[in-house]
Amino acid sequence: NGHLLRPIMKVTNLDFVYVFDQPLAANQVEKIKDSLQQVLGHYPTLTARMQGNQVLLNNQGAAFTVQSMPKGSSIQDIPEDPPTGKPYCYIPNPSEQIEGKAPVLTVTITRLDDGWTLGVAM
């Protein structure tokens with residue numbers, strides 16, 4: 001019969017980047033943001049903050065960022081297996097997430113000359 005000495009919590013991120021081959025119109029950003037807000041209304045844990053091994057349903061929100069790559073940047077420049085994280089997806093430091101200092105979910109839209117990306121991390 002063993003005794004529980006301590007829980008072991010391994011924090012890993014799930015991240016992915018979608019690449020779109022048409023430029024993003026200005027009004028599409030607001031539509032994406034509005035749609036995301038509607039969906040997240042059904043999943044309050046994704047707009048919460050962690051505190052240790054608990055989730056605080058405080059609706060502090062997901063991080064939503066829109067950025068543009070330098071002129072001349074193309075979706076063709078994105079490797080087939082891009083490195084995890086920047087520049088197309090913001091992945092918070094897991095220890096900051098556990099301490100409640102960083103969001104559980106991040107969404108990054110990156111504009112390029114001939115398309116755009118949607119990076120999501122949680």
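That block above? That's the structure.
Below, the structure is looked at part by part. (Residues numbered from 1 in each chain as written. Predicted model: local features only at pLDDT ≥ 70, side-chain atom pairs only at ≥ 80, totals over all residues. Heavy atoms only, no water.)

## Focus on the environment of Lys-33
Phase 1 of the analysis: Topologically, Lys-33 is positioned in helix 1 (residues 26-40).
Phase 2 of the analysis: With relative accessibility at 31%, the residue Lys-33 sits in the partly exposed group. (Helix = DSSP H or I, 4+ residues; strand = E, 2+ residues; numbered from the N terminus. Buried < 20%, exposed > 50% of the residue type's maximum accessible area, 1.4 Å probe, protein only.)

## Section: the sheet that holds strand 4 (residues 63-68)
Across a sheet, paired strands are connected by hydrogen bonds in the backbone, their directions being either parallel or antiparallel.
Phase 1 of the analysis: Spatial strand order, 1-6-5-4: 4 strands in an open sheet with mixed pairing. Because the sheet does not close on itself, it has two edges, and the strands there are strand 1 (15-20) and strand 4. With direction set aside, neighbouring strand axes in the sheet form an average angle of 15°.
Phase 2 of the analysis: Pairing geometry for strand 1 and strand 6 (residues 115-121), over 6 bridges, is antiparallel. From the neighbouring strand, Asp-15 faces strand 6, where its bridge partner is Ala-121. (Pairing = 2+ DSSP bridges. Axes fitted to C-alpha atoms, helices over the stretch in contact; angles between N-to-C directions.)

## Considerations on the pattern of salt bridges
Phase 1 of the analysis: This structure, assessed with the given rule, holds 1 salt bridge.
Phase 2 of the analysis: We note a salt bridge from Lys-101 to Glu-99, for which the minimum N-O separation is 3.1 Å.
Phase 3 of the analysis: Judged by its relative accessible area of 61%, Lys-101 is exposed.
Phase 4 of the analysis: By relative accessible area, which is 46% here, Glu-99 ends up partly exposed. (Salt bridge = Lys/Arg side-chain N within 4 Å of Asp/Glu carboxyl O.)

## Brief notes about the environment of Asn-53
Phase 1 of the analysis: If you trace the backbone, Asn-53 turns up in the loop between strand 2 (49-51) and strand 3 (54-56).
Phase 2 of the analysis: Separated by 46 residues in sequence, Asn-53 and Glu-99 place their C-alpha atoms 9.4 Å apart.

## A word on the pairing of strand 5 (residues 106-112)
Phase 1 of the analysis: Counting buried residues in strand 5 gives 6 out of 7 residues, a clear majority hidden from the surface.
Phase 2 of the analysis: For strand 4 and strand 5, the ladder comprises 6 bridges, and the chain directions are parallel. Within strand 5, the position partnered with Ala-63 by the bridge is Thr-106.
Phase 3 of the analysis: Looking at chain direction, strand 5 and strand 6 are connected through 7 bridges and run antiparallel. Bridge pairing in strand 6 places Leu-112 opposite Gly-115.
Phase 4 of the analysis: Taking the residues between adjacent antiparallel strands as the criterion, strand 5 and strand 6 are bridged by 2 residues.

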